[in-house]
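The chain contents come next:
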Amino acid sequence: MKYKRILLKLSGEALMGDKQFGIDNNRLMQYAQEIKSVAEAGVQVAIVIGGGNIFRGVQAEEGGMDRTQGDYMGMLATMINSMALQAAIESLGIQTRLQSAISMKEIAEPFIKRRAVRHLEKGRIVIFGAGTGNPFFTTDSAGALRAIEIEADVILKGTRVDGIYDMDPEKNPNAVKFQQITFDEAYAKGLNVMDMTAFTLCKENKMDLVVFDMNQPGNLMKVVEGESIGTTVEV
Ligand code: GTP
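Nothing here was measured: the structure is a model prediction, and the numbers come from that model.

Right, let's get into the UniProt feature "binding site: UMP" (unreviewed entry) in the protein chain. UniProt's feature table lists "binding site: UMP" (unreviewed entry) at Gly51, Asp71, Thr132, Gly133, Asn134, Pro135, Phe136, Phe137, Thr138 and Thr139, given in the numbering used throughout. Spatial clustering of the annotated residues is evident: they stretch over 89 residues in sequence, but the largest pairwise C-alpha distance comes to 14.4 Å. Checking the annotated residues one by one, the ones that line the largest pocket turn out to be Gly51, Asp71, Thr132, Asn134, Phe137, Thr138 and Thr139. With respect to the helices and strands, the residue Asn134 is situated in the loop between β5 (125-129) and α5 (139-149). Using a relative accessible area of 38% as the deciding quantity, one classes Asn134 as partly exposed. Structurally, the position occupied by Thr139 is in helix α5.

Following this line, the structure appears as C-alpha coordinates:
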(Lines give C-alpha, C1' and ligand atoms only; values in the text may rest on other atoms or scores of the structure.)
Protein backbone atom coordinates (compact mmCIF):
# COMPACT_ATOMS: atom_id res chain seq x y z
CA MET A 1 0.00 0.00 0.00
CA LYS A 2 1.27 3.44 -0.88
CA TYR A 3 -0.61 5.11 1.96
CA LYS A 4 -1.03 3.95 5.54
CA ARG A 5 -3.42 6.65 6.76
CA ILE A 6 -5.76 8.50 4.43
CA LEU A 7 -8.28 11.30 4.72
CA LEU A 8 -11.03 10.58 2.23
CA LYS A 9 -12.99 13.66 1.22
CA LEU A 10 -16.35 12.83 -0.32
CA SER A 11 -18.82 15.23 -1.86
CA GLY A 12 -22.33 15.40 -0.50
CA GLU A 13 -23.74 15.86 -4.01
CA ALA A 14 -22.23 12.54 -5.06
CA LEU A 15 -24.44 10.79 -2.49
CA MET A 16 -27.49 11.83 -4.50
CA GLY A 17 -26.60 9.40 -7.28
CA ASP A 18 -29.24 9.99 -9.94
CA LYS A 19 -31.64 11.61 -7.50
CA GLN A 20 -32.27 15.38 -7.28
CA PHE A 21 -31.94 15.59 -3.52
CA GLY A 22 -30.90 13.57 -0.50
CA ILE A 23 -29.22 10.21 -0.33
CA ASP A 24 -29.27 7.44 -2.90
CA ASN A 25 -28.95 4.13 -1.05
CA ASN A 26 -27.14 2.36 -3.88
CA ARG A 27 -24.49 5.05 -4.04
CA LEU A 28 -24.18 5.08 -0.26
CA MET A 29 -23.64 1.32 -0.12
CA GLN A 30 -21.21 1.47 -3.05
CA TYR A 31 -19.08 4.00 -1.15
CA ALA A 32 -19.31 1.92 2.03
CA GLN A 33 -18.10 -1.13 0.12
CA GLU A 34 -15.14 0.73 -1.37
CA ILE A 35 -14.20 2.08 2.04
CA LYS A 36 -14.52 -1.37 3.62
CA SER A 37 -12.12 -2.84 1.03
CA VAL A 38 -9.30 -0.43 1.82
CA ALA A 39 -9.90 -0.65 5.56
CA GLU A 40 -9.69 -4.45 5.40
CA ALA A 41 -6.43 -4.10 3.49
CA GLY A 42 -5.04 -2.41 6.60
CA VAL A 43 -5.31 1.23 5.60
CA GLN A 44 -6.37 3.67 8.33
CA VAL A 45 -9.33 5.61 6.96
CA ALA A 46 -10.70 8.96 8.12
CA ILE A 47 -13.54 10.57 6.21
CA VAL A 48 -14.97 14.04 5.72
CA ILE A 49 -18.16 14.31 3.70
CA GLY A 50 -19.90 17.42 2.41
CA GLY A 51 -23.57 18.29 2.75
CA GLY A 52 -24.48 19.81 -0.60
CA ASN A 53 -27.05 17.11 -1.37
CA ILE A 54 -29.11 18.49 1.51
CA PHE A 55 -28.15 22.11 2.07
CA ARG A 56 -25.43 24.55 1.00
CA GLY A 57 -24.52 27.71 2.92
CA VAL A 58 -24.28 29.84 -0.23
CA GLN A 59 -27.82 28.77 -1.14
CA ALA A 60 -29.06 30.50 2.02
CA GLU A 61 -27.64 33.86 0.92
CA GLU A 62 -29.51 33.59 -2.36
CA GLY A 63 -32.73 33.26 -0.38
CA GLY A 64 -31.90 36.35 1.68
CA MET A 65 -30.77 34.37 4.72
CA ASP A 66 -27.68 35.29 6.69
CA ARG A 67 -24.61 33.39 5.44
CA THR A 68 -23.63 32.34 8.94
CA GLN A 69 -27.01 30.75 9.55
CA GLY A 70 -26.80 28.99 6.19
CA ASP A 71 -23.34 27.65 6.92
CA TYR A 72 -24.45 26.15 10.23
CA MET A 73 -27.36 24.52 8.42
CA GLY A 74 -24.83 23.13 5.96
CA MET A 75 -22.79 21.72 8.85
CA LEU A 76 -25.89 19.92 10.11
CA ALA A 77 -26.35 18.54 6.60
CA THR A 78 -22.87 17.02 6.79
CA MET A 79 -23.89 15.33 10.04
CA ILE A 80 -26.84 13.67 8.32
CA ASN A 81 -24.54 12.37 5.58
CA SER A 82 -21.93 11.31 8.12
CA MET A 83 -24.52 9.33 10.08
CA ALA A 84 -25.82 7.69 6.92
CA LEU A 85 -22.30 6.72 5.90
CA GLN A 86 -21.53 5.47 9.41
CA ALA A 87 -24.58 3.24 9.36
CA ALA A 88 -23.77 1.96 5.87
CA ILE A 89 -20.17 1.08 6.76
CA GLU A 90 -21.22 -0.57 10.02
CA SER A 91 -23.84 -2.63 8.17
CA LEU A 92 -20.86 -4.23 6.40
CA GLY A 93 -19.32 -5.19 9.73
CA ILE A 94 -16.66 -2.50 10.00
CA GLN A 95 -16.33 -0.47 13.20
CA THR A 96 -16.64 3.28 12.95
CA ARG A 97 -16.59 6.32 15.19
CA LEU A 98 -18.26 9.62 14.36
CA GLN A 99 -16.75 12.82 15.74
CA SER A 100 -18.48 16.16 15.37
CA ALA A 101 -16.97 19.63 15.29
CA ILE A 102 -20.18 20.93 16.87
CA SER A 103 -21.21 19.47 20.19
CA MET A 104 -24.10 17.03 19.76
CA LYS A 105 -23.13 14.44 22.27
CA GLU A 106 -26.25 12.31 21.89
CA ILE A 107 -25.22 11.30 18.39
CA ALA A 108 -21.48 11.80 18.08
CA GLU A 109 -18.28 12.06 20.02
CA PRO A 110 -16.72 15.49 20.17
CA PHE A 111 -13.74 15.99 17.89
CA ILE A 112 -10.66 15.10 19.90
CA LYS A 113 -7.56 14.66 17.80
CA ARG A 114 -5.80 12.20 20.10
CA ARG A 115 -8.92 10.08 20.37
CA ALA A 116 -9.42 10.10 16.61
CA VAL A 117 -5.87 8.85 16.10
CA ARG A 118 -6.38 6.13 18.72
CA HIS A 119 -9.54 4.96 16.91
CA LEU A 120 -7.62 4.82 13.64
CA GLU A 121 -4.82 2.83 15.25
CA LYS A 122 -7.44 0.33 16.41
CA GLY A 123 -8.67 -0.06 12.86
CA ARG A 124 -11.86 1.93 13.27
CA ILE A 125 -12.99 4.23 10.51
CA VAL A 126 -13.34 7.76 11.82
CA ILE A 127 -15.85 10.13 10.24
CA PHE A 128 -15.48 13.83 10.99
CA GLY A 129 -18.82 15.61 10.82
CA ALA A 130 -19.96 19.26 10.97
CA GLY A 131 -17.07 20.60 8.90
CA THR A 132 -14.64 22.72 10.90
CA GLY A 133 -17.50 23.84 13.16
CA ASN A 134 -17.17 27.38 11.83
CA PRO A 135 -19.08 29.34 9.20
CA PHE A 136 -17.21 30.62 6.13
CA PHE A 137 -15.25 27.38 5.80
CA THR A 138 -15.94 24.57 3.38
CA THR A 139 -15.79 20.84 3.95
CA ASP A 140 -12.68 20.85 1.75
CA SER A 141 -11.09 23.05 4.40
CA ALA A 142 -12.35 20.67 7.08
CA GLY A 143 -10.78 17.79 5.16
CA ALA A 144 -7.46 19.61 4.88
CA LEU A 145 -7.51 20.62 8.53
CA ARG A 146 -8.34 17.16 9.86
CA ALA A 147 -5.87 15.48 7.52
CA ILE A 148 -3.09 17.69 8.86
CA GLU A 149 -4.19 17.24 12.46
CA ILE A 150 -4.28 13.44 12.33
CA GLU A 151 -1.08 13.38 10.24
CA ALA A 152 -2.65 11.57 7.32
CA ASP A 153 -0.32 10.64 4.46
CA VAL A 154 -2.61 12.15 1.86
CA ILE A 155 -6.03 13.63 1.15
CA LEU A 156 -7.96 11.60 -1.39
CA LYS A 157 -10.63 13.79 -2.91
CA GLY A 158 -13.26 11.55 -4.45
CA THR A 159 -15.22 13.36 -7.15
CA ARG A 160 -17.21 12.43 -10.24
CA VAL A 161 -14.36 13.63 -12.49
CA ASP A 162 -11.24 11.50 -12.83
CA GLY A 163 -8.75 14.23 -12.01
CA ILE A 164 -7.79 17.84 -12.62
CA TYR A 165 -8.03 19.17 -16.17
CA ASP A 166 -6.80 22.39 -17.78
CA MET A 167 -10.45 23.20 -18.62
CA ASP A 168 -13.77 21.87 -17.39
CA PRO A 169 -13.92 18.40 -19.01
CA GLU A 170 -17.71 18.30 -18.71
CA LYS A 171 -17.89 21.39 -20.96
CA ASN A 172 -14.78 21.05 -23.13
CA PRO A 173 -14.10 17.74 -24.85
CA ASN A 174 -10.53 18.89 -25.59
CA ALA A 175 -9.66 19.35 -21.93
CA VAL A 176 -6.34 17.76 -20.98
CA LYS A 177 -5.85 15.94 -17.68
CA PHE A 178 -2.81 16.48 -15.44
CA GLN A 179 -1.22 13.36 -13.99
CA GLN A 180 0.69 15.42 -11.49
CA ILE A 181 0.81 19.11 -10.70
CA THR A 182 2.24 21.30 -7.95
CA PHE A 183 0.11 23.56 -5.77
CA ASP A 184 1.89 26.59 -7.29
CA GLU A 185 1.20 25.45 -10.86
CA ALA A 186 -2.45 24.77 -10.08
CA TYR A 187 -2.76 28.23 -8.52
CA ALA A 188 -0.95 29.97 -11.41
CA LYS A 189 -3.23 28.26 -13.92
CA GLY A 190 -6.30 29.22 -11.89
CA LEU A 191 -7.45 25.61 -11.62
CA ASN A 192 -10.42 25.12 -9.37
CA VAL A 193 -9.15 22.23 -7.25
CA MET A 194 -10.31 23.26 -3.78
CA ASP A 195 -11.12 26.60 -2.19
CA MET A 196 -8.11 28.76 -1.32
CA THR A 197 -8.26 28.11 2.44
CA ALA A 198 -8.06 24.35 1.90
CA PHE A 199 -5.47 24.77 -0.82
CA THR A 200 -3.21 26.97 1.31
CA LEU A 201 -3.52 24.65 4.32
CA CYS A 202 -2.37 21.72 2.17
CA LYS A 203 0.47 23.61 0.55
CA GLU A 204 1.85 25.10 3.76
CA ASN A 205 1.69 21.77 5.56
CA LYS A 206 2.99 19.70 2.65
CA MET A 207 -0.18 17.63 2.54
CA ASP A 208 -0.43 15.83 -0.80
CA LEU A 209 -3.77 15.60 -2.51
CA VAL A 210 -5.09 13.11 -5.04
CA VAL A 211 -8.23 13.97 -7.00
CA PHE A 212 -9.89 10.89 -8.47
CA ASP A 213 -13.22 9.47 -9.68
CA MET A 214 -14.82 7.85 -6.64
CA ASN A 215 -17.85 6.62 -8.59
CA GLN A 216 -15.81 4.08 -10.52
CA PRO A 217 -15.82 0.85 -8.46
CA GLY A 218 -12.34 -0.20 -7.37
CA ASN A 219 -10.79 3.23 -7.85
CA LEU A 220 -10.29 3.99 -4.17
CA MET A 221 -8.26 0.79 -3.78
CA LYS A 222 -6.23 1.61 -6.89
CA VAL A 223 -5.32 5.05 -5.55
CA VAL A 224 -4.35 3.62 -2.18
CA GLU A 225 -2.19 1.01 -3.89
CA GLY A 226 -0.38 3.81 -5.70
CA GLU A 227 -1.77 3.31 -9.17
CA SER A 228 -1.69 6.64 -10.96
CA ILE A 229 -5.30 7.22 -11.75
CA GLY A 230 -6.51 10.74 -11.05
CA THR A 231 -4.29 13.74 -10.48
CA THR A 232 -1.75 14.14 -7.70
CA VAL A 233 -1.13 17.63 -6.34
CA GLU A 234 2.14 18.03 -4.47
CA VAL A 235 4.21 20.88 -3.03
P1 GTP B 1 -11.73 2.84 23.39
O2 GTP B 1 -11.46 3.83 24.45
O3 GTP B 1 -10.57 2.68 22.47
O4 GTP B 1 -12.31 1.56 23.84
O5 GTP B 1 -12.79 3.57 22.41
P6 GTP B 1 -14.35 3.51 22.42
O7 GTP B 1 -14.79 4.55 21.44
O8 GTP B 1 -14.89 2.15 22.21
O9 GTP B 1 -14.66 3.97 23.88
P10 GTP B 1 -15.88 4.57 24.61
O11 GTP B 1 -16.24 3.61 25.67
O12 GTP B 1 -15.53 5.96 24.97
O13 GTP B 1 -17.03 4.65 23.52
C14 GTP B 1 -17.98 3.64 23.36
C15 GTP B 1 -18.99 4.11 22.38
O16 GTP B 1 -19.58 5.33 22.79
C17 GTP B 1 -18.44 4.39 20.98
O18 GTP B 1 -19.38 3.99 20.01
C19 GTP B 1 -18.29 5.90 20.95
O20 GTP B 1 -18.40 6.44 19.64
C21 GTP B 1 -19.45 6.32 21.82
N22 GTP B 1 -19.16 7.60 22.45
C23 GTP B 1 -18.10 7.97 23.18
N24 GTP B 1 -18.19 9.25 23.58
C25 GTP B 1 -19.36 9.70 23.09
C26 GTP B 1 -20.05 10.96 23.14
O27 GTP B 1 -19.62 11.95 23.73
N28 GTP B 1 -21.25 11.01 22.50
C29 GTP B 1 -21.76 9.95 21.83
N30 GTP B 1 -22.92 10.08 21.22
N31 GTP B 1 -21.15 8.78 21.76
C32 GTP B 1 -19.97 8.65 22.39
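Here we come to unusual backbone geometry. In this structure, Phe136 takes a positive phi of about 70° despite not being glycine. For Lys206, which is not a glycine, the phi torsion comes out positive at approximately 50°. Secondary-structure assignment places Lys206 in the loop between α7 (196-204) and β10 (208-213).

Regarding α7, the residues found buried are Ala198, Phe199 and Cys202. Down the axis, α7 shows its buried residues gathered within 100° of arc, on one side only. A side-chain oxygen of the first residue of α7 lies 3.2 Å from the backbone nitrogen of Thr197; this N-cap is Asp195.

Here we come to the layout of surface pockets. Here the largest pocket is characterised by a volume of approximately 1,400 Å³. Together, 48 residues line the largest pocket, and Ser11, Glu13, Arg56, Asp140 and Lys157 are the ones closest to its centre. At the level of secondary structure, the elements contributing two or more residues to the lining of the largest pocket comprise β1 (5-10), α2 (57-62), α3 (67-91), α5, β6 (154-159) and β7 (164-165). In terms of residues, the lining of the largest pocket owes the most to one element, α3, which gives 5 residues. Quantified by volume, the second largest pocket comes out at close to 170 Å³. For the second largest pocket, the lining is made up of 13 residues, of which Lys2, Gly226, Glu227, Ser228 and Thr232 are closest to its centre. Partitioned by chemical class, the residues of the lining of the second largest pocket number 4 nonpolar, 6 polar and 3 charged.

In this section: the nonpolar core. By size, the foremost hydrophobic cluster in this structure holds 38 residues, and its most contacted members are Ile35, Ile47, Leu85, Leu156 and Leu220. Counting only elements with at least two residues in this core, the list comes to β1, α1 (25-40), β2 (44-49), α3, β5, β6, β10 and α8 (219-225). The residues touching Leu85, leaving out its near neighbours within four places in the chain, are Leu10, Leu28, Tyr31, Ile35, Ile47, Ile49 and Ile127. Listed in part, the 29 residues of the second largest apolar core include Val126, Ala142, Ile150 and Leu191.

The next point concerns the side chain of Ser82. On the secondary structure map, Ser82 appears in helix α3. Looking at Ser82, the relative accessible area reads 0%, which means it is buried. Residue contacts for Ser82: discarding those within four places in its chain leaves Ile49, Leu98, Ile127, Phe128 and Gly129.

Scoring rules and cut-offs
Residues numbered from 1 in each chain as written. Predicted model: local features only at pLDDT ≥ 70, side-chain atom pairs only at ≥ 80, totals over all residues. Heavy atoms only, no water. UniProt positions renumbered as here; feature names shortened; annotations may be inferred. 1 Å grid on protein atoms, 1.4 Å probe; cavity = no way out; pocket = protein on both sides within 12 Å on 5 of 7 lines; lining within 4 Å. Helix = DSSP H or I, 4+ residues; strand = E, 2+ residues; numbered from the N terminus. Buried < 20%, exposed > 50% of the residue type's maximum accessible area, 1.4 Å probe, protein only. Arc of directions from axis to C-beta. Polar contact = N/O pair within 3.5 Å; in protein donor to acceptor, adjacent residues only side chain to side chain. Points joined across faces, edges and corners; volume = space filled by probe spheres on them. Nonpolar A, V, L, I, M, F, W, Y, C, P; charged D, E, K, R; others polar. Core = buried A, V, L, I, M, F, W, Y, C linked by side-chain atoms within 4.5 Å. Contact = heavy atoms within 4.5 Å.

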